[in-house]
Amino acid sequence: MKRQLAILGSTGSIGTQALEVVAEHSDLFEVYALTANNQVDLLINQARRFMPEVVVIANEQKYPELKEALEDLPIKVWAGAEAIAQVVQAGPIDMVLTAMVGYAGLRPTIAAIKAGKAIALANKETLVVAGELITALALEHQVPILPVDSEHSAIFQCLNGANGNPIEKLLLTASGGPFLHKSREELVVVTKEQALKHPNWHMGAKITIDSASMMNKGFEMIEAKWLFGVAPEQIQIVVHPQSVIHSMVQFEDGAVIAQLGIPDMKLPIAYAFSYPQRMKSQAPRLDFNQYATLTFEEPDMERFRNLAFAFEAVRQGGNMPCILNAANEVVVAAFLEDRIGFLQMSDVIEQTMAKAPFLAKPSYEDYVQTDAEARRIAAELF
Ligand code: MG
């Protein structure tokens, strides 16, 4: 029996690489559902090639185009956010890869967990926004959450064989992005074109900006807290510009276990799909002669204030990380449209965190309201 996959965000960077993994291992996996936000042409090509049962386009205006292009095939074509939350519940699906961007991942992830589907989690915002709710639901429904984020996959791999020995500390590595050694003065004037040139990873626009501002690492710290049940104080961010060590676990005897490799998202995707097995890969192997020097440094939370905001948000808890995420989504979209400066993004996030109403014990409906309210507040600040 082939494992049936739903790939949410199939036209994005993770989604397309996930389909490459499926194509390489078509004896093991089958695509049951593909969903995309906007990129209808690519979704059509993917549907014709992988022949899923269902495709969903989130943007309902693109529905007629998608429907018409697939008319000759026995593929169901749906549209809208509601349809994405529906499709993940389909009986035959074994695993749902959440690879869409941002807050939009929350609702379908909840629906998939409630339907008992294993989650391959690439959408870190789901855990940033509502980590407490998601981890409690996963426990209640006995659903595994397998990390696809490379750092968290690394930690997950390091913990296999730990035999329940407690984690003393997680060492979360960070490339530092394209602006690692830029001064505050230089950061004032950096452009989106510069920010979009990540030194080691080719990713979607939103996460690439998050990497440049180091919000991505702040989010990953929150993601790690929920995935591995550690306190934020147990998570140390280690800037490692070569991105060869994907993250590490320190145990109580002082031993540090690391996972290394060439930066390639197909490895963590494949590992989540096939866990606990490892599948043969043709990808290039890590050649230590090519990486004569691996370097490490401390992150600078004064130049990269987003990191400090993430620690503050998770310290306060409740809906504060949801506020952090909503404000960040607003400013990153604006930065990509040249409507806000690079450092100004952090100012707006800080002010939104101060202004949005705090809730200590939010329900799902509270998160929905908090997200909308924080977006409204953030948008008025610039
Ligand atoms: Mg990552």
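Predicted model, so just to flag it, every value in this text is computed and none were measured. (Residues numbered from 1 in each chain as written. Predicted model: local features only at pLDDT ≥ 70, side-chain atom pairs only at ≥ 80, totals over all residues. Heavy atoms only, no water.)

**Student:** Just checking my understanding: could you explain the overall build of the protein chain for this structure?
**Tutor:** A count of helices and strands for the protein chain gives 16 helices and 11 strands. Taken against the 2.2 N^0.38 rule, which gives 21 Å for 382 residues, the C-alpha radius of gyration of the protein chain at 20 Å falls within 12% of a compact globule. With respect to the three principal axes, the spread of C-alpha positions in the protein chain is 55 × 50 × 40 Å. Every one of the 382 residues in the protein chain was classed for burial, and the buried ones make up 55%. A separation threshold of at least 6 residues defines the contact pool for the protein chain, and within that pool the share at least 24 residues apart is 68%. Carbon together with sulfur atoms contributes 51% to the accessible area of the protein chain, which is approximately 16700 Å² in total. Positive and negative side-chain charges of the protein chain, numbering 31 and 45 respectively, have mean locations separated by a distance of 2 Å. (Helix = DSSP H or I, 4+ residues; strand = E, 2+ residues; numbered from the N terminus. Rg over C-alpha atoms; globule rule 2.2 N^0.38 Å. Buried < 20%, exposed > 50% of the residue type's maximum accessible area, 1.4 Å probe, protein only. Contact = heavy atoms within 4.5 Å. Areas by Shrake-Rupley, 256 points an atom, 1.4 Å probe, with all protein chains shown as cover. Lys, Arg positive; Asp, Glu negative; His and termini not counted. Charge placed at Lys NZ, Arg CZ, Asp CG, Glu CD.)

**Student:** It is not clear to me how the packing of aromatic side chains should be interpreted in this structure. Could you clarify?
**Tutor:** The way to describe two aromatic rings as a pair is by their centre distance and the angle between their planes. In this structure the tally under the stated criterion is six aromatic pairs. With a centroid separation of 6.1 Å and 70° between ring planes, the pair formed by Phe-156 and Tyr-271 is classed as edge-to-face. Taken as a pair, Phe-156 in helix α7 (residues 150-159) and Tyr-271 in helix α12 (residues 266-274) lie far apart in primary sequence, 115 residues in all. Residue class for Tyr-271 comes out buried when judged on its relative accessible area of 6%. Pairing Phe-156 with Tyr-275 gives two aromatic rings, centres 4.9 Å apart and planes at 50°, and the pair type is tilted. Taken together, the positions of Phe-156 in helix α7 and Tyr-275 in the loop between α12 and α13 (305-316) put the pair 119 residues apart, joining distant regions of the chain. (Phe/Tyr/Trp six-rings, centres within 6.5 Å; stacked < 30°, edge-to-face > 60°.)

These figures come from the coordinates and say nothing about function on their own.
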